[in-house]
Amino acid sequence: MGGMKQSREKQAAEAYLKFLGKKGASAGTLYRRSLFLDNMIVELTGKPQNPTEFGNALTNVLATVTQLDALECQNSAREFYPFWMNDIKAIALFEKHYGYDIKPVKWKPLPASLDKLTESLEHEFFDERDTLALLRYSRSLYTQGAEPLVVETRSKLAKVVMVRLRDAPIKSNITYRMAVDMTLPLFKVKEIRELFLAVVREFYYFWLETHTAKQCAA
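Rules used throughout
- Residues numbered from 1 in each chain as written.
- Predicted model: local features only at pLDDT ≥ 70, side-chain atom pairs only at ≥ 80, totals over all residues.
- Heavy atoms only, no water.
- Helix = DSSP H or I, 4+ residues; strand = E, 2+ residues; numbered from the N terminus.
- Buried < 20%, exposed > 50% of the residue type's maximum accessible area, 1.4 Å probe, protein only.
- Contact = heavy atoms within 4.5 Å.
- Areas by Shrake-Rupley, 256 points an atom, 1.4 Å probe, with all protein chains shown as cover.
- Salt bridge = Lys/Arg side-chain N within 4 Å of Asp/Glu carboxyl O.
- Core = buried A, V, L, I, M, F, W, Y, C linked by side-chain atoms within 4.5 Å.
- pLDDT = per-residue confidence, 0-100.
- Expected span 1.5 Å × (residues − 1).
- Axes fitted to C-alpha atoms, helices over the stretch in contact; angles between N-to-C directions.
- Parallel < 35°, antiparallel > 145°, perpendicular 65-115°, else oblique.
- Left-handed = near helix turned anticlockwise from the far one by under 90°.
- Nonpolar A, V, L, I, M, F, W, Y, C, P; charged D, E, K, R; others polar.

A. Structural view of the overall build of the chain. Counting its regular elements, the chain contains 10 helices and 0 strands. Ordered by position from the N terminus, the helices and strands of the chain form the series α-α-α-α-α-α-α-α-α-α. Relative to its full complement of 218 residues, the chain shows a buried share of 44%. At a minimum sequence separation of 6, the contacts of the chain that also span at least 24 residues come to 76%. For the chain, the accessible surface area stands at approximately 11900 Å², while carbon and sulfur atoms represent 57% of it.

Printed below as a string of C-alpha cells:
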C-alpha cells in the first residue's frame, strides 16, 4: 500500500515538473523546484488529498528553509497544488493561461497597511468577474462542509487579494503571485499568515477562471 501512495505524489511531481519544462523554466529553476517537491513528497505520502493536509505539509517544509527560499517554495506549492489534488479542470486552466516569468511584469501593488486593506473591504465595489470568483469559492467551501464563519473569514482574505490586484496591468499567474508576495509580509501573526496562504492557494483557480473567461456566466 505504501508504494501506491508514494507513486501518487511522485507522479504529481513529475507532471508538474514536465509542465514547467514545457513552459520554458530553466534547468536551475527545475532543480530548485525538484528539491522542494522531494520534501513535499515526504510530507504528503499517505495523507488524504485535501487542502488541510497540503497546508500542513507546506508548513512543515517551510520550517526547514530560509525566508528567501520560502517565497519560492510558496509559489511552487500554489502551482503544485492542483497536480497533487488531481484537479483536472484546474490543471487544464493552468495549462491554458500559465505564462512562465521569463520577462518579469513591471508592476507592484500600491503600498498599503493590513488595517487599511481590511477597512476598505467594507465599502469596496467588486466587478462581475471578482464577484463571480468569490461566489464560486464560497460555494466550494460550503460544499466541503465549512461553517458560515469559516467561509466569511476566508472570503475576506480572498477579497484582500482582489483589492491588491485591482490596478494590475494584466490578470495572470504572475501578477497574482506578485500581489500575494507583496501582501504576505503584512500578516504578522503566524496562524493568520498561514491561513492567508491557504486561501490564496485555493482561491487562485476560481479567480483565474473568471478573469480568463470570454464572458461571465454563473
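Anyway, onward from the coordinates.
B. Local environment of the pattern of salt bridges. Counting across every chain of the model gives 9 salt bridges. A salt bridge links R136 to E209; the nearest nitrogen and oxygen atoms lie 3.6 Å apart. Note that R136 is positioned in helix α7 (residues 128-143) and E209 in helix α10 (residues 190-212), a separation of 73 residues in sequence. Take R136: its relative accessible area is 22%, and that puts it in the partly exposed class. Across the salt bridge formed by E202 and R154, the nearest N and O atoms sit 2.9 Å from each other. In this pair, E202 is assigned in helix α10 and R154 in helix α8 (residues 148-164), connecting sequence segments 48 residues apart. Ionic contacts of the salt-bridge type, sharing partners, join the residues R32, R33, E72 and E79 into one network.

C. Spotlight on the nonpolar core. Grouped together as the largest cluster of nonpolar side chains are 62 residues, with contacts concentrated most on F80, Y176 and F203. Residues in contact with F203, not counting those within four places in the same chain, are A133, L134, Y137, A158, M162 and Y176.

D. Local environment of the confidence of the model for the chain. Taken as a whole, the chain shows an average pLDDT of 83; of its residues, 89% reach a score of 70 or greater. Confidence, read as mean pLDDT per element, is least for helix α1 (residues 2-22) in the chain (79) and greatest for α8 (93). Here residues 1-6 scores under 50 on pLDDT; set against residues more than four positions off or in separate chains, the count is 3 contacts. Throughout residues 214-218 the model reports pLDDT below 50, and contacts reaching past four residues in sequence, or to other chains, amount to 9 contacts.

E. Representation of α8 in the model. In this model α8 runs 25 Å from its N-terminal to its C-terminal C-alpha over 17 residues, within 8% of the 24 Å that 1.5 Å per residue would give. Among the residues making up α8, those that are buried are V151, R154, S155, L157, A158, V160, V161, M162, V163 and R164.

F. Highlighting the packing of α7 against α8. Closest axis-to-axis distance for the α7/α8 pair is 10 Å, and the angle between their directions is 150°. One element, α7, and the other, α8, form an angle in the roughly antiparallel class. The two elements α7 and α8 cross, and the hand of that crossing is right-handed. Taking contact as the criterion, the partners of D130, L134, Y137, S138, L141 and Y142 in α7 are, on α8, P148, V151, R154, S155, A158, K159 and M162. When the residues that make up the contact of α7 with α8 are grouped by side-chain class, the tally is 8 nonpolar, 2 polar and 3 charged.

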